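Observations on the model geometry
The primary structure of each chain is shown beneath.
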Amino acid sequence: MAALGWLTPRRRSATARSVLAGEASAEAARKTALADELLDGTDFPATAEAERAAEAEPEAPQEPTGAAEPDEPAEPEFPVAGDDLAAAFFDLDNTVMQGAAIFHFGRGLYKREFFRRRELARFAWQQAWFRLAGVEDPEHMQDARDSALSIVKGHKVSELMSIGEEIYDEYMAERIWPGTRALAQAHLDAGQKVWLVTAAPVETATIIARRLGLTGALGTVAESVDGVYTGRLVGEPLHGPAKAEAVRALAAAEGLDLARCAAYSDSHNDIPMLSLVGHPYAINPDTKLRKHARTNDWRLRDYRTGRKAVKIGVPAAAGVGAIAGGTAAAIALHRRRK
């Protein structure tokens, strides 16, 4: 039974390592955002999905109405235009983008022969579990990031950033949820900053934020010396309580009023982050977050349409099929490369 321990999510409180991870992420996010501002308005390439969402923005405020819970009361105008003490914080995996960014990044690195088929099969298993269960387990997610750290050790940060741009175009661009993207655009149009908050590497998260035209990103900070990855983290993965610490640190540095800020996530693991702000949203929520959101009168949005039927209680046979399918896809990809 011990081998199945990672299948059961554990609620964790903030530790010294999670505080360190949050503060390091906030510092990296502000430094990168400032550097981007100094580029004097340089435009980063946007995905077709993002462009369509931006073009459709005049209708965006009405769009969530049809997706809201039937018993949800009418909402006042939000976000409030011109409120510079407010900002929005968006989880990435399954909130802004379908699937896990670290898995898509792993696929791209495999294609470039950073590691072997065995490691890709492991990534496929982890992604299959994530999509099937719809939840993130801290130990499971950390295992995925430990694998990624061992792969990038010794590589230059600039090299991974350049590759990350290519990987975004190959695997991530078409997986952005248009509904969530429209919500982020509404905050931008109101003059507010919008930040991604994710356990994915901060470099990967920054690329995605730039492509979507967002302010910046809070992500897991991997240690580097002279621009080369050491294979260690600063603190721990930005997950659960660490995300909340990152948002808290960034808000303090930016002079934000968290009571006027908004946060969006699909996972109950992000309840600490969602609880920090005055406007929490459950987006494509897992079962536990949906229950918590209803209990606390949080707003809910679900953009998955047909995927709403996929719940944690799916039959075991279906779970085996999803895992087998993910592994088969990984092997097929390997064979196509030969």
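Just so it is clear, the structure is predicted and the values come from calculations on it, not from any experiment.

1. So, the overall build of the protein chain
Of the regular secondary structure elements, the protein chain holds 13 helices and eight strands. Going through the 338 residues of the protein chain one by one, you find that 53% of them count as buried. Sequence separation of 24 or more characterises 71% of the internal contacts of the protein chain that already satisfy a separation of 6 or more. Surface exposure of the protein chain reaches about 15400 Å², of which carbon and sulfur atoms provide 55%.

2. Here we look at the packing of aromatic side chains
Considering all chains together, one arrives at three aromatic pairs under this definition. Centroid distance phenylalanine 90 to tyrosine 264: 4.1 Å. Interplanar angle 5°. Geometry classified as stacked. A residue pair is termed long-range when its members are at least 10 positions apart, and phenylalanine 90 in strand β1 (residues 87-91) and tyrosine 264 in strand β6 (residues 262-265) qualify at 174 residues. Taking relative accessible area as the criterion, phenylalanine 90 reaches 1% and is therefore assigned buried. Both rings, one in tyrosine 264 and one in tyrosine 281, keep their centres 4.6 Å apart while their planes meet at 20°; by these two values the pair is stacked. On the criterion of sequence distance, the pair formed by tyrosine 264 in strand β6 and tyrosine 281 in strand β7 (residues 279-283) is long-range, its members being 17 residues apart. The same class applies to tyrosine 264 and to tyrosine 281, which are both buried. The ring of phenylalanine 78 has arginine 299 sitting right over it, with the charged end atom 5.8 Å from the ring centre.

3. A closer look at the sheet that holds strand β3 (residues 216-220)
Read across the sheet, six strands follow the order β3-β2-β1-β6-β7-β8 without closing on themselves; strand pairing throughout is parallel. Across the chains shown, the open sheet's two edge strands, defined by having one partner strand only, are β3 and β8 (299-301). Within this sheet the neighbouring strands show an average axis-to-axis angle of 20°, counted without direction. Pairing between β1 and β6: three bridges, direction parallel. From the neighbouring strand, phenylalanine 90 faces β6, where its bridge partner is tyrosine 264.

4. Regarding the environment of isoleucine 271
Looking at where isoleucine 271 falls in the secondary structure, it is placed in helix α11 (residues 271-274). Distance from isoleucine 271 to histidine 292, taken between C-alpha atoms, is 8.5 Å for residues 21 residues apart in sequence.

5. Considerations on helix α12 (residues 287-295)
Residues lying three or four places apart along an α-helix face the same way, a consequence of the helix completing one turn every 3.6 residues. Leu289, Arg290 and Ala293 are the residues of α12 that are buried. Angular distribution of buried residues about the axis of α12 spans 100°; they occupy a single face of the element. Residues of α12 that are exposed and point more than 90 degrees away from the buried face comprise Lys291 and Thr295. Residues of α12 that are buried make contact with β6, α11, β7 and β8. The opening residue of α12, the one whose side-chain oxygen lies 3.2 Å from the backbone nitrogen of lysine 288, is aspartate 286. Aspartate 297 occupies a position one or two residues after α12 and carries a positive phi of about 60°.

6. Focus on helix α7 (residues 157-172)
Maximum bend of α7: about 25°, positioned at glutamate 166. Of all the positions in α7, only Val157, Leu160, Met161, Ile163, Gly164, Ile167, Tyr168, Tyr171 and Met172 are classed as buried.

7. Considerations on the nonpolar core
Soluble globular proteins tend to bury their nonpolar side chains together. Within the largest apolar cluster, 42 residues are counted, with the highest numbers of intra-cluster contacts made by Phe90, Leu109, Tyr168, Met172, Leu196, Ile208 and Tyr264. Ranked by residue count, the leading element in this core is α7, at eight residues. Of all hydrophobic cores here, the second largest spans 30 residues; its members include Ala26, Phe89, Val197 and Ala242.

8. As for the confidence of the model for the protein chain
Averaged over every residue, the pLDDT of the protein chain is 75; residues scoring 70 or more account for 64%. The low-confidence segment residues 1-12, where pLDDT is below 50, has 19 contacts with residues more than four positions distant or belonging to other chains. The low-confidence segment residues 307-338 (pLDDT under 50) makes 29 contacts with residues lying over four places distant or belonging to another chain.

9. Brief notes about the packing of helix α1 (residues 16-38) against helix α10 (residues 241-254)
Contact geometry of α1 with α10 gives a least axis separation of 7 Å together with a crossing angle of 45°. What the angle tells us is that α1 and α10 run oblique. Note on packing geometry: the crossing formed by α1 with α10 is right-handed. Of the residues in α10, those touching α1 at Ser18, Val19, Ala21, Gly22, Glu23, Ser25, Ala26 and Arg30 are Ala242, Glu245, Ala246, Ala249, Leu250, Ala253 and Glu254.

How each quantity is defined
- Residues numbered from 1 in each chain as written.
- Predicted model: local features only at pLDDT ≥ 70, side-chain atom pairs only at ≥ 80, totals over all residues.
- Heavy atoms only, no water.
- Helix = DSSP H or I, 4+ residues; strand = E, 2+ residues; numbered from the N terminus.
- Buried < 20%, exposed > 50% of the residue type's maximum accessible area, 1.4 Å probe, protein only.
- Contact = heavy atoms within 4.5 Å.
- Areas by Shrake-Rupley, 256 points an atom, 1.4 Å probe, with all protein chains shown as cover.
- Phe/Tyr/Trp six-rings, centres within 6.5 Å; stacked < 30°, edge-to-face > 60°.
- Lys NZ or Arg CZ within 6 Å of the ring centre and 35° of its normal.
- Pairing = 2+ DSSP bridges.
- Axes fitted to C-alpha atoms, helices over the stretch in contact; angles between N-to-C directions.
- Arc of directions from axis to C-beta.
- Polar contact = N/O pair within 3.5 Å; in protein donor to acceptor, adjacent residues only side chain to side chain.
- Bend = angle between axes of the 7 residues up to and from the residue.
- Core = buried A, V, L, I, M, F, W, Y, C linked by side-chain atoms within 4.5 Å.
- pLDDT = per-residue confidence, 0-100.
- Parallel < 35°, antiparallel > 145°, perpendicular 65-115°, else oblique.
- Left-handed = near helix turned anticlockwise from the far one by under 90°.

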